[in-house]
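Notes for the structure review
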Amino acid sequence: MLDRIAIRWRLALLSAGLTLVILSAFAVAIGQVTSSRVRSDFNNELAAAVDNLSDRVVLVCNFSKGRCRRGQPELQDYAAPGNATIRILLNDGTPIDETKGAPNFGIIYPQRSARIGGLRVEVRRRPVRSINAETGRPSRLLFSVVLQYGRKVSDIEATIRRIRLFLSAGVLGGTLLALLGGVLLGRRAMLPIARMTTAARDIQRTRDPSKTIPQPAADDEVAELARTLQAMLDSLEAAQEETEGALQRQREFVADASHELRTPLTSILANLELLTEVLDGERGEAASSALRSSQRMRRLVGDLLLLARADANRQLPHEPTDVSRVLVEVAAELGPVSDGRHLTVDADDAVVDGTRDELYRMTLNLVENAIRHTPKGTHIRATVGRDNGEVVLAVQDDGPGVAPELREHIFERFVRGAGDRGSSSGLGLSIVRAVAESHGGGVVLEDVSPGARFVVRLPGADVPAREPQPVA
């Protein structure tokens, strides 16, 4: 489980566990020594008290009647400070005096300690002085008596329990303090790593490897990690700059090459169109086939040029353009080649600030995509309107729709469905997205059943559109 716990908590728990073991061993040792010492002191006090009592006891005897009684000290007063129980007996067990409520300990051999009924009892057999009750003078006779002095063991056990409780509280308190100190120390120790983590997340969010990793003041393993990460970022930054430079040169090459190819392609198309008009038979068919291939090549070059400009952030001049008129022109161009698809257009005035050629290419690709990927008899509806200040261009069909495995990648480059092979470059929808984003908008594929619905949203413009210009 330690492997799944945060490092600072792991350090804190290990520190607290080690402290608990050390304090527990210390508390057990101290508890044993202290308990033994307290019990020993208790027994010594008990023995000293009974010895002192034996030295102070004096009997008052009536020798004519053969009776003796305790003269001094007063047992109740002597026993009060220690809450003791005292009995004074003759050798034959006849009681002479005892404290109030003293139990009968029975016959206990002299000079012996015993534990009876929750009491620790010390027994002494000693000769004591006597006083003649008739004359009131000390007698030379010594009487041998048995002294029984007992104290409750519960008092000393309560003291031992308090000591053990105090030691246990010390162990738990020390462990909690060690845990708290371990957490604070772990947080302090992990602070440089937390700063590096924050910097790494910032780099992840911004994708900017030029930012630096905070360097700890101490030259330790954390500092070595920070230097390693910084070196890695420097290498990534250099590699990114090299990659961006190569991509930028590639984009410029594609843009320049596409632009340069348009002139010879225009010449080739003009010559092929002329040949198809004057040649018949197999030669005319060959010229027509070459013309169709050249037209596809011109469109591909145009697509590559548009994408290269988008990648290089090259924008053509913008002007107010009515997307509804663009849609009508696209429908007029594709209607004759719809091959059995029913194309309807619903266009309201919707002006945007953009490049007309690019908007035309975007609209053409959307409608052409619906024609290419639906069977004959499919109804295709293209609409343009305004919605909360935005221009919305939507193309919807009731065909088979987009395959689930293509939905997430439908706007990427060179993505083609099963019906695209040989008839599409896979750039159509990627151009739609590039044009929409370059004009400050976007395109989405919405869920409809049946069919598919592509929706382009562009910022609207309040200025009137200019007269439509011929489409190249």
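All values reported here derive from a predicted model rather than from experimental measurement.

**Brief notes about the overall build of the protein chain**
- Helices and strands together make up the secondary structure of the protein chain, namely eight helices and 14 strands.
- When each of the 472 residues of the protein chain is scored for burial, the buried share is 35%.
- For the protein chain, long-range pairs separated by at least 24 residues make up 65% of all intrachain contacts whose partners lie at least 6 apart in sequence.
- Accessible area of the protein chain: about 28300 Å², with a carbon and sulfur share of 54%.

**Examining the environment of Arg-187**
- Inspection of the secondary structure assignment puts Arg-187 in helix α3 (residues 153-206).
- Taking C-alpha positions, Arg-187 is 9.7 Å from Leu-11, a pair spaced 176 residues apart along the chain.

**Quick look at the nonpolar core**
- Ranked by size, the top nonpolar core spans 39 residues in total, and within it Met-362, Leu-366, Phe-454 and Val-456 carry the most contacts.
- Of all the secondary structure elements, the ones that give two or more residues to this core are α5 (281-311), α6 (323-334), α7 (356-372), β11 (379-387), β12 (390-397), α8 (428-438), β13 (442-446) and β14 (452-459).
- Considering each element in turn, this core owes the most residues, eight residues, to α7.
- Ignoring any residue separated from it by four or fewer positions in sequence, one finds Leu-366 in contact with Leu-393, Val-395, Leu-429, Val-432, Phe-454 and Val-456.

**A look at α6**
- With 12 residues, α6 extends 16 Å between its outermost C-alpha atoms, agreeing within 8% with the 16 Å of an ideal straight helix rising 1.5 Å per residue.
- Among the residues of α6, Val-323, Ser-324, Val-326, Leu-327, Val-330, Ala-331 and Leu-334 are the ones counted as buried. Summarising the axial view, the buried residues of α6 lie within an arc of 155°, below the 170-degree limit, and thus occupy one face.
- Looking at the buried positions of α6, the neighbouring elements they touch are β8 (319-322), β9 (342-347), β10 (351-354), α7, β11 and β12.

**With respect to the pairing of strand β5 (residues 112-116)**
- Both β5 and strand β6 (residues 119-132) contribute to a ladder of five bridges, which runs antiparallel. Considered in β6, the bridge of Arg-112 is made with Val-123.
- Counting the residues that bridge the hairpin from β5 to β6 gives two residues, and of these Gly-117 lies at a positive phi of roughly 55°.

**Brief notes about the pattern of salt bridges**
- Throughout the structure, instances matching the rule amount to 20 salt bridges.
- Between Asp-51 and Arg-124 there is a salt bridge, with the nearest N and O atoms lying 2.9 Å from each other. Residue Asp-51 is found in helix α1 (residues 7-56), and its partner Arg-124 is found in strand β6; the two are separated by 73 residues along the sequence.
- For Asp-51, a relative accessible area of 24% corresponds to the partly exposed category.
- Owing to a relative accessible area of 9%, Arg-124 belongs among the buried residues under this scheme.
- A salt bridge links Glu-224 to Arg-227, with the nearest nitrogen and oxygen atoms 2.8 Å apart. Separated by three residues within a single helix, Glu-224 and Arg-227 lie in helix α4 (residues 221-278), roughly one turn from each other.

**Describing the side chain of Asn-365**
- On the secondary structure map, Asn-365 appears in helix α7.
- The exposure class of Asn-365 is buried, given its relative accessible area of 5%.

**Some details on the sheet that holds β14**
- Sheet architecture is open: five strands sit in the order β9-β11-β12-β14-β13, paired in mixed fashion. Each edge of the open sheet carries a strand with a single partner, namely β9 and β13. Sheet twist, expressed as the mean angle between neighbouring strand axes with direction ignored, is 15°.
- The sheet contact formed by β12 and β14 spans eight bridges and is antiparallel. Its bridge partner lying in β14, Val-392 is registered against Arg-457.
- The sheet strands contacting α6 are β9, β11 and β12, and the helix crosses β9 at an angle near 165°.
- Helix-sheet contacts for α7 involve β9, β11, β12 and β14, and the interaxial angle to β12 is about 20°.

**Side note on a nonpolar patch on the surface**
- On the surface, a nonpolar cluster with roughly 270 Å² of combined accessible area is contributed by Leu-274, Leu-275 and Val-278.
- The residue Val-278 is located in helix α4 in this model.
- Overall, Val-278 belongs to the exposed group, its relative accessible area being 53%.

**So, the packing of α1 against α3**
- Two elements in contact, α1 and α3, have axes whose closest approach is 8 Å; the angle formed by their N-to-C orientations is 160°. By the angle between their axes, α1 is roughly antiparallel relative to α3. Crossing handedness for the pair α1 and α3: right-handed.

**Some thoughts on the packing of α7 against α8**
- Packing of α7 against α8 brings their axes to within 9 Å, and their N-to-C directions diverge by 145°. The handedness of the crossing between α7 and α8 is left-handed. Seen from α7, the contacting residues are Glu-358, Leu-359, Arg-361, Met-362, Asn-365, Leu-366 and Asn-369; seen from α8, they are Gly-428, Leu-429, Ile-431, Val-432, Val-435, Ala-436 and Ser-438.
- Per-class residue counts for the contact of α7 with α8 are eight nonpolar, four polar and two charged.

Scoring rules and cut-offs
- Residues numbered from 1 in each chain as written.
- Predicted model: local features only at pLDDT ≥ 70, side-chain atom pairs only at ≥ 80, totals over all residues.
- Heavy atoms only, no water.
- Helix = DSSP H or I, 4+ residues; strand = E, 2+ residues; numbered from the N terminus.
- Buried < 20%, exposed > 50% of the residue type's maximum accessible area, 1.4 Å probe, protein only.
- Contact = heavy atoms within 4.5 Å.
- Areas by Shrake-Rupley, 256 points an atom, 1.4 Å probe, with all protein chains shown as cover.
- Core = buried A, V, L, I, M, F, W, Y, C linked by side-chain atoms within 4.5 Å.
- Expected span 1.5 Å × (residues − 1).
- Arc of directions from axis to C-beta.
- Pairing = 2+ DSSP bridges.
- Salt bridge = Lys/Arg side-chain N within 4 Å of Asp/Glu carboxyl O.
- Axes fitted to C-alpha atoms, helices over the stretch in contact; angles between N-to-C directions.
- Patch = residues over 30% accessible without salt bridge, like charges linked within 9 Å, V, L, I, M, F, W, Y side chains within 5 Å.
- Parallel < 35°, antiparallel > 145°, perpendicular 65-115°, else oblique.
- Left-handed = near helix turned anticlockwise from the far one by under 90°.
- Nonpolar A, V, L, I, M, F, W, Y, C, P; charged D, E, K, R; others polar.

Keep in mind these numbers describe shape, not what the thing actually does.
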